[in-house]
Amino acid sequence: VIFAVVSSAVSAIYFAAYRGWLRGGAETAAQSKAAWALRRMQADLRPAIRGRVTPDPSPYTGLGLTVCLPAKTFDADEHTYLNVVQVDPDGNPQLQRGDLVHYYRGDDQGNQSATGAHLWRQLLPAAGPPNPAPKLITDNLRNNPDDGSGSPKPIFIYWPSVFRIESVELTVTIEEKQGTRTARLTSGTEVSLR
């Protein structure tokens, strides 16, 4: 009887700890994927040229965004890439337009989809093949929580206003499963454009 009581208590503690470990693993995986997706998008959005951001039209409004990166040239003396600057007709310097980058929600084949569980990045080079294959940023993407209007918050919100210093608000929700435990995490940031 004593052995049965002790083993029942030990089993209950073990299974509670195991469930907690599974939940923690799922939460860690979701947090890691969300953080990676935001960091990857920030790497393109931060240097993007102001005024050269195009949100995707309906029915993909808020689910896709295209930005223009500045053209680059390699400086052999400095062993680095530098932005190409040109002069407009008024004599003002400005960044020369380079590659376009399209981020969008899509299905597992890379096709744009309003309900897809994948986030894709497609580079549209200024020179070279016109439609290279998109690269997967993350999977297990879910709808963001309600934004107060009865609809999920968009993944991409472009703020072209000078009052917000022209920025893009990014929000992603990732769901991960480990064993019988599922964790859903929403993470976001706002990136000011160049």
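Above this text you will find the structure in question.
Residues numbered from 1 in each chain as written. Predicted model: local features only at pLDDT ≥ 70, side-chain atom pairs only at ≥ 80, totals over all residues. Heavy atoms only, no water.

## Description of the sheet that holds strand E8 (residues 118-124)
- Taken in spatial order, the five strands line up as E1-E2-E7-E8-E9 in an open sheet, and their pairing is antiparallel. Each edge of the open sheet carries a strand with a single partner, namely strand E1 (53-55) and strand E9 (135-138). Ignoring strand direction, the axes of neighbouring strands in this sheet form an average angle of 20°.
- Where strand E2 (residues 64-70) and strand E7 (residues 97-106) come together, six bridges link them in antiparallel fashion. Each bridged residue has a counterpart across the sheet, and for leucine 65 the counterpart in E7 is tyrosine 103.
- Packed on one face of the sheet, helix H1 (residues 2-45) meets E2, E7, E8 and E9 and runs near 125° to E9. (Pairing = 2+ DSSP bridges. Helix = DSSP H or I, 4+ residues; strand = E, 2+ residues; numbered from the N terminus. Axes fitted to C-alpha atoms, helices over the stretch in contact; angles between N-to-C directions. Contact = heavy atoms within 4.5 Å.)

## What about the side chain of arginine 105?
- Mapped onto the elements, arginine 105 comes out in strand E7.
- The side chain of arginine 105 is buried and forms no salt bridge, while glutamate 175, the nearest opposite charge, is found at 10 Å.
- Within the local environment of arginine 105, its side chain forms a polar contact with the backbone oxygen of glycine 116, the two atoms lying 2.5 Å apart. (Buried < 20%, exposed > 50% of the residue type's maximum accessible area, 1.4 Å probe, protein only. Lys, Arg positive; Asp, Glu negative; His and termini not counted. Salt bridge = Lys/Arg side-chain N within 4 Å of Asp/Glu carboxyl O. Polar contact = N/O pair within 3.5 Å; in protein donor to acceptor, adjacent residues only side chain to side chain.)

## A word on the pattern of salt bridges
- Tallying each qualifying case throughout the model produces seven salt bridges.
- When the shortest N-O distance is used, the salt bridge between arginine 121 and aspartate 44 registers 2.7 Å. A residue pair is termed long-range when its members are at least 10 positions apart, and arginine 121 in strand E8 and aspartate 44 in helix H1 qualify at 77 residues. For the pair formed by arginine 121 and aspartate 44, the shared burial category is buried.
- Residues glutamate 175 and arginine 142 are paired through a salt bridge, measuring 3.5 Å at the closest nitrogen-oxygen approach. Pair noted here: glutamate 175 is in strand E12 (residues 167-178) and arginine 142 is in strand E10 (residues 141-142), with a separation of 33 residues, a long-range link.
- For arginine 142, a relative accessible area of 25% translates into the label partly exposed.
- Three or more residues are tied together by salt bridges with common partners; here these are Lys33, Asp139 and Glu176.

## So, unusual backbone geometry
- In this chain, serine 58 is followed by proline 59 through a cis amide linkage whose omega measures 10°.
- Phi at histidine 79 is positive, roughly 55°, even though this residue is not glycine.
- Within the secondary structure, histidine 79 sits in the loop between strand E3 (72-75) and strand E4 (80-83).
- On the accessibility criterion, histidine 79 (65% relative accessible area) is exposed.

## Overview of the nonpolar core
- Ranked by size, the top nonpolar core spans 26 residues in total, and within it Met41, Leu45, Leu65, Leu119, Phe156, Leu170 and Val172 carry the most contacts.
- Within the residue set of this core, elements represented by two or more residues are H1, E2, E7, strand E11 (156-159) and E12.
- Once residues lying within four places of it in the same chain are set aside, the contact partners of valine 172 are Ala34, Leu38, Met41, Leu119, Leu141, Asn144, Ile155, Leu185, Thr186 and Ser187. (Core = buried A, V, L, I, M, F, W, Y, C linked by side-chain atoms within 4.5 Å.)

## A few points about the environment of proline 93
- With respect to the helices and strands, proline 93 occurs in strand E6 (residues 93-95).
- In this structure proline 93 comes out as exposed when scored by relative accessible area, which is 63%.

## Things to note about the pairing of E4
- In this structure, E3 lies alongside E4, joined through four bridges in antiparallel fashion. Following the sheet pairing, phenylalanine 74 is matched in E4 by tyrosine 81.
- The turn joining E3 and E4, which pair antiparallel and follow one another in sequence, is formed by four residues; a positive phi near 55° is taken by histidine 79.

## Regarding the pairing of strand E13 (residues 181-192)
- Here twelve bridges tie E12 to E13, and the two strands are oriented antiparallel to one another. When the bridges of E13 are listed, threonine 173 appears paired with threonine 186.

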